[in-house]
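# Structural overview
Residues per chain, in single letters:
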Amino acid sequence: MGDDRCVAGTRGKQTVRDMILSLAAIGVVVAAVYFFIPHNDSPSAEQGAVQTVDYRVEVATARRAAPYPVAAPKGLPGTWRATSVSYKASNDGKGGAWHLGMLDPEREYAAVEQSDAPAAKFIKDVTLGAEQVEGKQAVGGAKWDRYKGEKYNALVREEPGVTTVVTGTAPYGRLAELAASLEAKKG
C-alpha cells in the first residue's frame, strides 16, 4: 500500500512539471513568432490600415448617369485620401445620389454628398441630423450654409436641380478646403 502512495505522489509532481515545461515551450514559440515575423507598430501603419480607393471610374460613370453636374475634387493635395465612393440611381431613373468619402490630412472624415432628391430630407440624412446654424461659409466665390450636429458638421449649397453637401467630422476649415476643390461636371 505504501508503494502506491509514493508512485501517485511522484506522478502528480511529474504532471505539474510537464505542464510548466509545455507552457514554457509555447511561450518560446510565441516569442519567436512575434520577433521573427515582420509587423509594423508605427503610427503610419494605422494610416495604412484604412483602404484608399481610386474614384476616377466611378465619378466618370456618375457624371454620365446623373441629371446634374457631379462634383468631385480637383487639385486636392495627396494628403487627402478617398476611402469610399458610390453613385446610386433613383428608382425612377431621373436622378440619384453621389457619395465620395475621404480622410483629411488629420485623419478626420469628410464626404461629398450630392442628390437631386428633396433637399431637406437629403441634408438631414447625410449630415446625421445636423441643424442649420447662423452664418455662411465663403468657399471660392460662393456662400455655403453651415450646419452643426452631434456627429457631423456640414457645408450645404442648394442649387436648382441639385443639393451639394460637404459633411463629416472634419472642422469647417477642412470642409471648406474640400468644397473649394470641387469641380462639377456633366459627363
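Rules used in this analysis
- Each chain has its residues counted from 1, running along the sequence as written.
- pLDDT decides what is reported in this predicted model: residues at 70 or higher carry local features, side-chain atom pairs at 80 or more are listed and counted, and totals for whole chains, interfaces and linings draw on all residues regardless.
- Side-chain metrics in this entry use all non-hydrogen atoms of the structure; hydrogen atoms and water are not considered.
- Elements are defined by DSSP. Helices are runs of H or I of four residues or more, strands are runs of E of two residues or more, and each kind is numbered from the N terminus.
- Working definition: with a 1.4 Å probe on protein chains only, accessible area under 20% of the residue-type maximum means buried, over 50% means exposed, and in between means partly exposed.
- By definition here, a salt bridge exists when the distance from a side-chain nitrogen of Lys or Arg to a carboxyl oxygen of Asp or Glu is within 4 Å.
- Cavity means a closed set of points on a 1 Å grid over the protein atoms alone, one where a 1.4 Å probe fits but cannot get out, pocket means an open set with protein on both sides within 12 Å along at least 5 of 7 lines, and lining means a residue has an atom within 4 Å of a point.
- Grid points are joined across faces, edges and corners, and a volume is the space filled by probe spheres set on the points.
- Polar here means any residue other than Ala, Val, Leu, Ile, Met, Phe, Trp, Tyr, Cys and Pro, which are nonpolar, and Asp, Glu, Lys and Arg, which are charged; Gly is therefore polar.
- Here, patches come from residues exposed beyond 30% relative accessible area and free of salt bridges, joined within 9 Å for like charges and within 5 Å for nonpolar side chains (Val, Leu, Ile, Met, Phe, Trp, Tyr).
- Per-residue and other accessible areas were derived by the Shrake-Rupley procedure at a 1.4 Å probe size, with only the shown protein chains allowed to occlude residues.

What follows deals with unusual backbone geometry. You will see that R107, though not glycine, has its phi angle at about 65°, which is positive. Its place among the elements puts R107 in the loop between strand 3 (96-103) and strand 4 (109-115). The exposure class assigned to R107 is partly exposed, which follows from its relative accessible area of 33%. One non-glycine residue, L128, lies in the positive phi region at around 55°.

Tallied over the entire structure, the rule returns nine salt bridges. The salt bridge partner of K121 is D125, with a shortest N-O separation of 2.9 Å. Of this pair, K121 and D125 both sit in helix 4 (residues 119-126), four residues apart, roughly one helical turn. By sharing partners, the salt bridges in this structure join D104, E106, R174 and E177 into a single network.

Another point: helix 5 (residues 172-181). The element helix 5 is largely enclosed, with a buried count of seven among its 10 residues. Considered for burial, the residues of helix 5 that qualify are Y172, R174, L175, A176, L178, A179 and S181.

With that settled, the discussion passes to the layout of surface pockets. A volume near 220 Å³ is recorded for the largest pocket. Considering the residues around the largest pocket, the lining is formed by 15 residues, among which W144, R157, E159, T164 and A184 are closest to the centre. The set of elements that each furnish at least two residues to the lining of the largest pocket consists of strand 6 (142-148), strand 7 (153-159), strand 8 (162-168), helix 5 and strand 9 (182-185). The computed volume of the second largest pocket comes to approximately 180 Å³. Forming the walls of the second largest pocket are S86, K88, A97, W98, H99, E113, A117, P118, K121, F122, D125 and V126. Elements that contribute at least two residues to the lining of the second largest pocket include exactly strand 2 (81-89), strand 3 and helix 4. Take the lining of the second largest pocket: its biggest share by element is four residues, from helix 4. Broken down by class, the residue content of the lining of the second largest pocket amounts to six nonpolar, two polar and four charged.

Quick look at a nonpolar patch on the surface now. A cluster of nonpolar side chains, M19, L23, I26 and V30, forms an exposed patch at the surface whose accessible area comes to about 410 Å². Within the element layout of this structure, L23 appears in helix 1 (residues 2-36). Owing to a relative accessible area of 56%, L23 belongs among the exposed residues under this scheme.

Any functional reading would require information beyond the geometric quantities listed.
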